[in-house]
Amino acid sequence: MSKHRIELRAAPHQHSGHSVPTIMRNVVYSMLPICGFSVWQYGLSALALLLTVTATCLATERLLNRNANTLGDWSAAITGILLGLTLPPAFPLWMAIVAGFVAIAIGKAMFGGLGHNPFNPALVGRAFVQAAFPVAITTWVPAFSANRFSEFVPTTFTAPLMMPPDIVGWVKQQGVDAFTGATPLARWKFENVTASAHDLLTGTVTASAGETSALLILLCGAYLAIRKFMDWRIPVAVLGSAALTAWAFQLYNPAHYPDPLFVLLSGGLMIGTIYMATDMATSPVTPVGVWIYGGIIGVMTVIIRYFGGLTEGVMYAILLGNALTPLIDQYTQPRVYGTGKEKS
Amino acid sequence: MRLPFFNHTPTFDHGIHPVYHKETGHLPIRRFPFAPKLYVSLEQHIGKPAIAIVRVGQEVLRGELIAKPDGLFSLPIHAPATGIIEALEPMPSDNGEMEMCIVIRVYEADTQEVQVRYPHDLENMSGRELALVMQEVGVAGKGGATFPTHAKLIPPNGCTIDTIIVNGAECEPFLTCDHRIMVERAQDIMEGIKYARRVCGAPRAIIGVEDNKMDAVAALEAALPADGSVTVKVVETKYPQGAAETLITALLGREVPAGKRSSSIGVVMNNVMTLAYMGRLLPLGEGMTERIVTIAGPSVERPGNYIVPLGTPLRFLLEHVGARSTATEVILGGPMMGTTIPSVDVPITKGVCGVLAFGKKDAIPPQIYPCIHCGECVNACPKKLNPTQMGLLAAKREYDVMAEQFMLGECFECGCCSYVCPSHIPLVQQFRVAKYFLKNREKVT
Ligand code: SF4
Ligand code: SF4
């Protein structure tokens, strides 16, 4: 003993074993089934899209952090995959590259990297391309087309700065019946037709690459929550408040407003709730704040969907929640032990 | 997470569930041999150091008074072994400073019998007189805070004490000495409680034990006095259940007001080992000469609970229990709040409840990431502080904001926040630095 050097260290000398890379890595793992499902549904185009966006995000992260290799924390990979999953499967690849670059460069690196970004980077990227390429981002293709593993959707390889080719003709050739080219949310909004819960759960509807199967996303989220890599309170708050709001509207006018289950399962709500709203850097840290934050996102999602010009409201609802996070944190400081009054 | 309408084991909010490593909990307490030389520190308690009353070359007997207290908030020191005073010299201590020690060269043929006693007639004493006799025993808080026990028991002016809480939670991982003393010396604990109640005037005492030590609960319950003044309560196994504030909240549902002592809400808290030693030594008139220490950790070959003479140098201790060559860190106390020591020359003092030897891979991984706002630390802090914000402020050295807006002063450095932080930010260490800075700046200006 006496011959050995002993070291001085600050307490505590024991640790939970969780680390940023383990958390992030597990989030990535949990998204792989969703990616797999998406590729199975949409074939080569979806695969190319996911790979392109993720590679772009990783490359951008590496490029903008010359002094330290921050790829090891896996956070850029999450942003990339998540962004890919929220884009339409046949999104032109050059636009996807733009989205990936914007997500990391403007959404994250500009603010100082991991932990310093006020908004979820994937959402920033997605919001940017939504504004820049309004047509491409609402061009949907049918799932399970016969040739999906042998040929790409024509729009995938649009040349940069060119308008994507019209795909209506291509879709006709695929021989898919009754393809409307609209998401369930759009169909509800403009035609007042709601998709069945069964279709929404199993993902046999038109949507972004990774938004289709609500059930699969829920299962992946459950894995994260059980392994304690995700704060379960946020999804519960978001989904709960969204359901409540939708239910209130339905009570008010059952003929016009859809039932809460449709609201929960359709569009990007599920993936947004599980993977974006729970983004640690951009959600509150206080126990009360977490519920308020989730509640705001849930209510706003429904309101934007019902009254906004867009068919989908999750993205903006989450961005709003992100923006409010510092404020929520400030006003929901827990009452410090041994103090009588609530501290602000 | 506490759900309403369920009958819960009493506990406090937040906190953590570390891996407990209580493997030594079933091993009986064993005696430790005398080291050839004992280094008896004069600063084994909080308060003024004791004053040595021996000279170099003098022969002392085990149990003999060798240093007297300097005022009411100080404690005497008794010779842990029979031998010759070899020197009075400064030695390294656990806090890194040099502390005055009485060095005793132990007679080889020494027995473990205590040879000098100072008995009193305790029966007809008032509480105050009893407190002064308690001081002569020299017991300091055994949980690690080392506050002189007699001084803690005297109720401050204007306070009435209604409950003594006896802390048998032992929430720190690895440590099991309190566990063993509850199993093996429950009767001593009851004696100690009796004397403590006489000094502070509390009508009742509650012993709080975590639910991972049910054999201790059984032993205590078998020894309870018949009048029902002492009860045993089982509390949830959770760190830091054994901290004063958390245990009081778990047992009584009261909160200690921020910045005040527990006596302000009528409670004094003592550790089980403190009271066990008080109960055993006080009637005999013996001084504190030894204590029970858990020696454990992944780098110790023969871990266990040992009765160690005070002043035993760690070098001797570790050699004796077979510290492996993998040990790179020696911790005094538990892994959550204990301190690593700079040198194995540090001696055992009254406040050392554990000696742990860790190797490199047992310690916290070194890579630090930026705070990712996961909120784990906020959900772990038993004081309901906001370590996230304080950590960000500490990085910017905004210590005043930490103190004024985030009540830095309430942090008792339990380490829960650092334990859970996935970014491995040394939060507690930052808070310690901030407090140190604020305290010493006040001194300067
Ligand atoms: S060390 Fe301080 S801030 Fe951290 S959890 Fe403990 S009391 Fe809270
Ligand atoms: S646990 Fe660490 S990373 Fe998480 S909020 Fe606290 S300081 Fe930040």
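Residues numbered from 1 in each chain as written. Chains lettered and ligands numbered in written order. Predicted model: local features only at pLDDT ≥ 70, side-chain atom pairs only at ≥ 80, totals over all residues. Heavy atoms only, no water.

1. Some points on the side chain of Asn386 of chain B
- Its place among the elements puts Asn386 of chain B in the loop between helix 9 (376-380) and helix 10 (387-395).
- Beyond its immediate chain neighbours, meaning those up to four positions away, Asn386 of chain B contacts Val285 and Gln333 of chain A together with Val378 and Phe406 of chain B. (Helix = DSSP H or I, 4+ residues; strand = E, 2+ residues; numbered from the N terminus. Contact = heavy atoms within 4.5 Å.)

2. Description of the interface of chain B and chain A
- At the interface, 69 residues of chain B touch 40 residues of chain A.
- Here chain B packs against chain A, burying approximately 4600 Å² in sum over the two surfaces, 59% of which is carbon and sulfur.
- Where chain B packs against chain A, one counts 1 salt bridge.
- A salt bridge links Arg335 of chain A to Glu255 of chain B; its shortest N-O distance comes to 2.9 Å.
- At the junction of chain B and chain A, the tally comes to 17 residue pairs in polar contact (both at pLDDT 80 or more).
- If you list the elements that add at least two residues to the side of chain B that touches chain A, you get helix 6 (244-252), helix 8 (314-321), strand 15 (327-332), strand 16 (339-340), helix 9, helix 11 (399-406), helix 12 (416-420) and helix 13 (427-444) of chain B.
- Broken down by element, the side of chain B that touches chain A gets its largest block of residues, 5 residues, from strand 15 of chain B.
- Broken down by class, the residue content of the side of chain B that touches chain A amounts to 36 nonpolar, 20 polar and 13 charged. (Buried area = accessible area lost by both parts, 1.4 Å probe. Salt bridge = Lys/Arg side-chain N within 4 Å of Asp/Glu carboxyl O. Polar contact = N/O pair within 3.5 Å; in protein donor to acceptor, adjacent residues only side chain to side chain. Nonpolar A, V, L, I, M, F, W, Y, C, P; charged D, E, K, R; others polar.)

3. Details of the confidence of the model for chain B
- The predicted model of chain B averages 88 in pLDDT, with 96% of residues at 70 or higher.
- Complex prediction metrics read pTM 0.87 and ipTM 0.84. (pLDDT = per-residue confidence, 0-100.)

4. Some thoughts on unusual backbone geometry
- Looking along the chain, the bond that leaves Ala11 of chain A and enters Pro12 of chain A is cis, with omega of -5°.
- Within the secondary structure, Pro12 of chain A is located in the segment before helix 1 (20-42).
- Along the chain, Tyr239 of chain B connects to Pro240 of chain B via a cis peptide bond; the corresponding omega equals -5°.
- Here Pro240 of chain B shows up in the loop between strand 11 (230-235) and helix 6.
- Phi at Lys228 of chain A is positive, roughly 65°, even though this residue is not glycine.
- Tracing the chain through its elements places Lys228 of chain A in the loop between helix 9 (214-226) and helix 10 (233-252).
- A residue is classified by how much of its surface remains accessible, and Lys228 of chain A, at 59% relative accessible area, is exposed.
- Phi angles above zero are rare outside glycine, and Arg397 of chain B is one such case at about 60°.
- By secondary structure assignment, the location of Arg397 of chain B is in the loop between helix 10 and helix 11.
- With a relative accessible area of 64%, Arg397 of chain B lands in the exposed category. (Buried < 20%, exposed > 50% of the residue type's maximum accessible area, 1.4 Å probe, protein only.)

5. Quick notes on helix 5 (residues 121-132) of chain A
All names here are of chain A.
- Its 12 residues give helix 5 an end-to-end C-alpha distance of 17 Å, which sits within 8% of 16 Å, the value for a rise of 1.5 Å per residue.
- The buried count for helix 5 comes to 9 of 12 residues, which makes it a mostly enclosed element.
- Within helix 5, burial applies to Pro121, Ala122, Leu123, Val124, Gly125, Arg126, Ala127, Val129 and Gln130.
- Elements in contact with the buried residues of helix 5: helix 3 (75-86), helix 4 (93-105), helix 12 (269-276) and helix 14 (314-331).
- The N-terminus of helix 5 is capped by Asn120, whose side-chain oxygen sits 2.9 Å from the backbone nitrogen of Ala122. (Expected span 1.5 Å × (residues − 1).)

6. Concerning the confidence of the model for chain A
- Across chain A, the average pLDDT comes to 84, with 90% of residues at 70 or higher.
- Looking at the elements of chain A, mean pLDDT is at its lowest for helix 6 (residues 168-173) of chain A, recorded as 68, and at its highest for helix 4 of chain A, recorded as 93.

7. A few points about the packing of aromatic side chains
- On inspection of all chains with the given rule, the structure shows 13 aromatic pairs over all chains.
- Measuring from ring centre to ring centre gives 5.2 Å for Phe32 of chain B and Tyr306 of chain B, while their planes differ by 85°; the resulting arrangement is edge-to-face. Of this pair, Phe32 of chain B sits in the loop between strand 1 (30-31) and strand 2 (37-41) while Tyr306 of chain B sits in strand 14 (residues 304-309); the two residues are 274 residues apart in sequence, bridging distant segments of the chain. Comparing Phe32 of chain B with Tyr306 of chain B shows no difference in burial state: the two are buried.
- An aromatic cluster is built from Phe249, Tyr257, Tyr306 and Phe307 of chain A, whose rings are joined through pairwise contacts. (Phe/Tyr/Trp six-rings, centres within 6.5 Å; stacked < 30°, edge-to-face > 60°.)

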